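# Summary of structural features
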Amino acid sequence: MHASEKLTGIQELTREALHDALDLARSRGWTIHEPEWKALLHQGACFALYVDDELVSTITTIRQGDVCVLGMLLVKDTYQRRGIGTSMMRHAMARLPVRSFALAATSMGAPVYRRIGFIPRGRIIQLHADHFDGPSADINLPSVRPGCSHDLAAMASLDTTAYGWPRGEAMAIAMQISRRMVVDTSQDGQILGFGGIRDHGAGSLVGPLTARSPSAASRVLAALCQGAQEPITLQIWANHHELLAWARAHGFQETASLTYMVHGPVPVGTGGYQFAPLSGALC
Ligand SMILES: CC(C)(COP(=O)(O)OP(=O)(O)OC[C@H]1O[C@@H](n2cnc3c(N)ncnc32)[C@H](O)[C@@H]1OP(=O)(O)O)[C@@H](O)C(=O)NCCC(=O)NCCS
């Protein structure tokens, strides 16, 4: 950092800084989803670093019970490799009253987290389709219907089984930021799976996607994507070969991968039920 630059120290990232944070994210090539940032700024503890009144780094955190999910770690490209990313992580972790942390790391972030003591626990494959080559809008999926607030308790219960700890905040945010949520149900009305789709840049992003079986997951995914005219991005946990094959067969191609990393005693849950996270920043 140049001697004349005024580093104001790490401070709270406030809602008023939303537009600066979005600009920083855009400058790093990230696709913007404003409602997700808004939810994090309203409901999480978020931090910022300014130099000469310019926002040069952000990090968001959202507490989900005893686990805190860290996200949106961004450092302006001209300030990289000076220890800012590491300091932001240490600052955020020291201020949160939990011992367990989780995050989804890009290939740039993973070495920084590894040095701080995070260990990899899974991989998320990102896929993209400019045109969804799937079931046309008139194909009937009888067990799938729109999800609504009455389903929240049953969805939250399935989510707790999937992840291993209650993540009420993540479920509430999923309801809040999704354009559409759907549930797959058994004949007696039990929820077998659920998922959401939301705006993502010029297209849409699917997540969360949680289900008791790969077949329920693919029905939910088909219903979410059905009739889409816009590009769609998926983030699927890498252990789900069947769903990945389904996605590839319907026009999706792999574009990137994220590493799910944990620090401290983060429960394992029923990994087979987790098909897609809500997002990188919310896991
Ligand atoms: C990933 C990211 C946040 C890292 O930020 P950063 O401020 O560069 O991180 P740090 O400086 O703490 O560490 C990065 C590297 O610089 C090195 N470094 C730290 N201080 C240094 C210094 N004074 N001189 C030289 N190198 C230094 C670190 O050892 C580390 O090296 P390594 O990657 O070879 O292991 C930043 O590159 C970024 O915003 N990338 C785009 C968005 C992204 O992918 N974010 C992660 C989301 S999970």
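Refer to the preceding data block for the structure.
Notes on the structure follow. (Residues numbered from 1 in each chain as written. Predicted model: local features only at pLDDT ≥ 70, side-chain atom pairs only at ≥ 80, totals over all residues. Heavy atoms only, no water.)

### Topic: the overall build of the chain
Of the regular secondary structure elements, the chain holds eight helices and 13 strands. Computed over C-alpha atoms, the radius of gyration of the chain comes to 19 Å, within 12% of the 19 Å expected from 2.2 N^0.38 for 283 residues, which places it in the range of a compact globule. Considered along the principal axes of its C-alpha atoms, the chain spans approximately 65 × 35 × 30 Å. Here the chain holds 283 residues, and the buried ones make up 52% of them. (Helix = DSSP H or I, 4+ residues; strand = E, 2+ residues; numbered from the N terminus. Rg over C-alpha atoms; globule rule 2.2 N^0.38 Å. Buried < 20%, exposed > 50% of the residue type's maximum accessible area, 1.4 Å probe, protein only.)

### Remarks on the site of the ligand
In the vicinity of the ligand, 20 residues are found, and the nearest of them are Gln80, Gly83, Thr86, Thr106 and Arg115. Taking threonine 106, its side chain carries an N or O atom lying 2.7 Å from an oxygen atom of the ligand. Listed by contribution, the elements that provide at least two residues to the shell around the ligand are strand 4 (67–75), helix 3 (84–95), strand 5 (100–105) and helix 4 (110–116). Residues of the shell around the ligand, tallied by class, amount to 10 nonpolar, six polar and four charged. (Near = heavy atom within 4 Å. Polar contact = N/O pair within 3.5 Å; in protein donor to acceptor, adjacent residues only side chain to side chain. Nonpolar A, V, L, I, M, F, W, Y, C, P; charged D, E, K, R; others polar.)

### Re helix 3
With 12 residues, helix 3 should reach 16 Å at 1.5 Å per residue; the first-to-last C-alpha distance of 17 Å fits that figure. Among the residues of helix 3, Ile84, Gly85, Met88, Met89, His91, Ala92 and Met93 are the ones counted as buried. (Expected span 1.5 Å × (residues − 1).)

### Some remarks on the environment of methionine 171
With respect to the helices, strands and loops of the structure, methionine 171 is situated in helix 6 (residues 168–177). Separated by 106 residues in the primary sequence, methionine 171 and glycine 65 place their C-alpha atoms 12 Å from one another. Every residue in contact with methionine 171, bar those within four places of it in the chain, is listed here: Leu152, Met155, Ala156, Asp159 and Phe194. (Contact = heavy atoms within 4.5 Å.)

### Points about the packing of helix 7 (residues 214–225) against helix 8 (residues 241–249)
At their nearest, the axes of helix 7 and helix 8 sit 9 Å apart, and the two run at 30° to each other. One finds that helix 7 runs roughly parallel with respect to helix 8. In terms of crossing hand, the pair formed by helix 7 and helix 8 is right-handed. Counted together, Pro214, Ala217, Ser218, Leu221 and Ala222 of helix 7 and Glu242, Leu243 and Trp246 of helix 8 form the full contact between these two elements. (Axes fitted to C-alpha atoms, helices over the stretch in contact; angles between N-to-C directions. Parallel < 35°, antiparallel > 145°, perpendicular 65-115°, else oblique. Left-handed = near helix turned anticlockwise from the far one by under 90°.)

### Here we look at the side chain of glutamine 235
If you trace the backbone, glutamine 235 turns up in strand 11 (residues 232–237). Not counting residues up to four positions away in its chain, the partners in contact with glutamine 235 are Ile124, Ile125, Gln126, Leu205, Val206, Leu258, Phe275, Ala276, Pro277, Ser279 and Gly280.

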